[in-house]
Amino acid sequence: MEHLDIDDCAKSLELFGNSEGALFKLLNHCKTSGGKKLLEEWLRKPLRNLQEIEERLDQVEYFKESAVVRTELGSALSKLPDLGKLKSKFSEGKGRLEDCAACFYFASVALEVNEILEGHQFYSQELSSAAKNLFKLKELVQRAIDFESFKKDKTYRVNPNFDEELLEIDNQIKEYDQQIEELRQSLSMEMQLSKELKLVDSLTHLYLFEGSKTEIYNAKLNNSSLPVVVVTHRQKTSTINCPDLKNFSRAKSQALKRYQEGQAGLVTKVIDLVGSYSPLLEQIETLFSHIDCIVSLAHSAQTASIEYTRPKFTGRIYLKGCRHPVLEAQGSCVPNNCQLDSKTLMMITGPNMGGKSTYLKQVAITVILAHMGSMVPCEVAEVVLLDSVVARVGAGDIQVKGVSTFMKEMLEVSSMLEKATGNSLVILDELGRGTTTSEGIGIAWAIAEELANRGTYTLFATHFSELTELKHPRVSNFHTDVSFQNGLTMMYKVEEGPMDASYGIEIAKLAGMPDSVISTSEGYKNKLLHASNF
């Protein structure tokens, strides 16, 4: 298997989705669509090749410590056009000059990214070679497209220097522009305007002059021989036309038409030439998506309230000060330790709301992040190379299929046992609650013993205090601590040793149950405990 199998735990660990609790949402600081897709793939398919993991960790650690470079890269990457749309247009034969211009802007930003990375660690020969071809692409588009004319009329056209006939027509267009400009200035002086006329575009006339409504009215009133006609009125301005402007506009319009006709065949040639660089664009997209992901993971690790640390791959799972990354980002997470070595199964008891489920999840998430090649939310982290992470957390019916909560639980556990090996991490939360207490304990006991026999790394959270009596060389007992100084208080700390009570009645009190119900509950509890002693 090439990747760590997490298919059976992604949902219960909330790795994906749009909720505030989703891990991917916390990790994703990518600036490009390609980076975002790749980061999601990294999280869905964590690595199992130790060399690849270490290489990725080297890169993340480098950019974690290089805040200035990371910021510069983030700023540059955010300016890249969407390559996916560009590539599809060229591959489908729907490319246009504006798409060629987008390739120019892409190449410009890509070269900016290259310049930021150049000289730094992990600057690859592949990127260096690609940069040389990006220069060629940029120069090609710069020669082929008239960016100056775009600044004037927001329309892309073939550069006139690309063809002699186009150059001749372009010179005519520039001559008409000059004549229109001279007319604008002379007419402004003749009309004695305090502010010169402004040349504006018109769908009907191509161009009109615009000026102060009051001053244009007074100029016509004072000089009836002025060769101007008012075309439109606005609140403060008017647009005007005159015979010379009509003639120049008509001549320029005809020249522009000849230019469009003359460039028709060249447009296809330019698009084909630029389109031939599509493999380069794909190569750059792949390289930049990778960089984007690395920078994103580095940013997450460095900007957390407590910086993440680099995991080491050893022969055990040892996490010191492990935290749930999402809860930490939301402002509340108690660090805990976890050690699975010769003792491969932790039996964890404790009250509801005591933090057992959170503990299971944060350990599993930390292990997944380590295999992903990410820093992890721990003080110290040692992780063993695993083949799968399997979770059975929470319960619910599948009513549409006629499957009860307990049956669903048994199906999931059956599948889990089929998959789990000595190199798997299994997390089990409150197994066996959907049947009688004795049957539930029996099933949970047997499953725990089976996992211990296999040497599967296991976190087994349970309310069945009877399970703490399971004597096995690979089983250790832990509990989530509580305090009674001012009533029942959850400490959310995982400590060594079993806990023989779940404090369900105390939690019922905290929930506001009527005193009569609490009193009756305590009475029945004592009767059952007394009966069990015989």
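Structure first, text after, so check above.
Residues numbered from 1 in each chain as written. Predicted model: local features only at pLDDT ≥ 70, side-chain atom pairs only at ≥ 80, totals over all residues. Heavy atoms only, no water.

**Some thoughts on the pairing of strand E10 (residues 388-392)**
- Along E10, five of the five residues are buried, which leaves the element largely enclosed by surrounding structure.
- Where burial is concerned, the two faces of E10 agree: the one with Ser388, Val390 and Arg392 and the one with Val389 and Ala391 are both buried.
- Relative to strand E11 (residues 424-429), E10 runs parallel, the two being bridged by five bridges. Note on E11: the bridge partner recorded for Arg392 is Leu428. (Buried < 20%, exposed > 50% of the residue type's maximum accessible area, 1.4 Å probe, protein only. Helix = DSSP H or I, 4+ residues; strand = E, 2+ residues; numbered from the N terminus. Pairing = 2+ DSSP bridges.)

**Describing the side chain of Arg184**
- Take Arg184: it is sitting in helix H9 (residues 164-190).
- For Arg184, a relative accessible area of 12% corresponds to the buried category.
- A polar contact of 3.0 Å, which involves the side chain of Arg184, links it to the side chain of Glu196.
- In this structure Arg184 touches Glu196, Leu197, Leu199 and Phe209, once residues within four positions along its chain are discounted. (Polar contact = N/O pair within 3.5 Å; in protein donor to acceptor, adjacent residues only side chain to side chain. Contact = heavy atoms within 4.5 Å.)

**Some points on helix H2 (residues 33-44)**
- Here H2 contains 12 residues, and its C-alpha end-to-end distance of 17 Å stays within 8% of the 16 Å for a straight helix at 1.5 Å per residue.
- Along H2, the positions that sit buried rather than exposed are Gly34, Gly35, Leu38, Leu39, Trp42 and Leu43. Viewed end-on, H2 has its buried residues packed into an arc of 165°, placing them on one side of the element.
- The inward-facing, buried residues of H2 abut helix H1 (23-27), helix H3 (50-64), helix H12 (278-303) and helix H14 (356-372). (Expected span 1.5 Å × (residues − 1). Arc of directions from axis to C-beta.)

**Focus on the layout of surface pockets**
- In this structure, the second largest pocket occupies an estimated 690 Å³ of space.
- Taken together, 25 residues make up the lining of the second largest pocket; nearest its centre are Ser149, Lys152, Asp153, Asp177 and Lys252.
- Counting only elements with at least two residues in the lining of the second largest pocket, the list comes to helix H8 (147-153), H9, strand E1 (198-202), strand E2 (206-212) and helix H11 (243-275).
- At six residues, H9 tops the list of elements feeding residues into the lining of the second largest pocket.
- Grouping the amino acids of the lining of the second largest pocket by side-chain chemistry returns 10 nonpolar, five polar and 10 charged. (1 Å grid on protein atoms, 1.4 Å probe; cavity = no way out; pocket = protein on both sides within 12 Å on 5 of 7 lines; lining within 4 Å. Points joined across faces, edges and corners; volume = space filled by probe spheres on them. Nonpolar A, V, L, I, M, F, W, Y, C, P; charged D, E, K, R; others polar.)

**Quick look at H3**
- For H3, which comprises 15 residues, the first-to-last C-alpha distance of 21 Å matches the rise-based estimate of 21 Å (1.5 Å per residue) to within 8%.
- Three or more residues of H3 are buried, namely Ile53, Arg56, Leu57, Gln59, Val60, Tyr62, Phe63 and Lys64.
- If you follow the buried residues of H3, they end up packed against H2, helix H4 (67-77), helix H6 (97-117), H12, strand E5 (312-313) and H14.
- N-cap assignment for H3: the residue whose side-chain oxygen lies 3.0 Å from the backbone N of Gln51 is Asn49.

**Here's the deal with the nonpolar core**
- Counting 118 residues, the largest nonpolar core has Leu15, Phe288, Val389 and Leu459 as its most contacted members.
- With 14 residues, the single largest contributor to this core is H6.
- Within the second largest apolar cluster, 20 residues are counted, among which are Val413, Ile441, Ala444 and Leu467. (Core = buried A, V, L, I, M, F, W, Y, C linked by side-chain atoms within 4.5 Å.)

**Comments concerning the pairing of E1**
- Relative to E2, E1 runs antiparallel, the two sharing five bridges. Residue pairing across strands places Ser202 opposite Leu206, the latter belonging to E2.
- A loop of three residues connects E1 with E2, the two strands running antiparallel in sequence.

**Concerning the sheet that holds E1**
- Across the sheet, four strands lie side by side as E1-E2-E4-E3; this open sheet has antiparallel pairing. The open sheet terminates on both sides in strands that have one partner only, identified here as E1 and strand E3 (229-233). Each strand axis lies, on average, 40° off the axis of its neighbour in the sheet, ignoring direction.
- Lying over the sheet, H9 contacts E1, E2 and strand E4 (237-241), oriented at roughly 20° with respect to E2.
- Along the sheet face, H11 touches E2 and E4 and points at about 145° away from the line of E2. (Axes fitted to C-alpha atoms, helices over the stretch in contact; angles between N-to-C directions.)

**A short note on the environment of Ser289**
- Mapped onto the secondary structure, Ser289 falls in helix H12.
- A relative accessible area of 8% places Ser289 in the buried class.
- The spatial distance from the C-alpha of Ser289 to the C-alpha of Gly35 is 4.0 Å, given a sequence separation of 254 residues.
- In contact with Ser289, not counting residues within four places along its chain, are Gly34, Gly35 and Leu38.
- One polar contact links the side chain of Ser289 to the main-chain carbonyl oxygen of Glu285, over a distance of 2.7 Å.

**A few points about the sheet that holds E5**
- The four strands lie next to each other as E5-E9-E6-E7, forming an open sheet whose pairing is mixed. Two strands in the sheet have a free side with no partner beyond their single neighbour: E5 and strand E7 (336-340).
- Direction of pairing for strand E6 (residues 317-322) relative to E7: antiparallel, over a ladder of four bridges. Pairing of Ile317 across the sheet is with Leu340, part of E7.

**A look at the packing of aromatic side chains**
- Inspection of the entire model under this criterion finds seven aromatic pairs.
- Ring geometry for Tyr105 versus Phe147: centroids 6.1 Å apart, planes at 75°, classification edge-to-face. You can see Tyr105 sitting in helix H6 and its partner Phe147 sitting in helix H8, a full 42 residues away along the chain.
- By relative accessible area, Phe147 is classed as buried at 15%.
- On the numbers, 4.0 Å between centres and 10° between planes, the contact of Phe150 with Tyr156 is stacked. For the pair shown, Phe150 and Tyr156 are each scored as buried.
- Ring-pair connections join several aromatic residues into one group, and the members of that group are Phe104, Tyr105, Phe147, Phe150 and Tyr156.
- Seen from the ring of Phe16, Arg44 lies directly overhead, with NZ or CZ sitting 3.8 Å from the centre.
- Note that Arg56 overlies the ring of Trp42, its terminal NZ or CZ placed 3.7 Å from the centroid. (Phe/Tyr/Trp six-rings, centres within 6.5 Å; stacked < 30°, edge-to-face > 60°. Lys NZ or Arg CZ within 6 Å of the ring centre and 35° of its normal.)

Function cannot be inferred from these measures alone, as they are strictly geometric.
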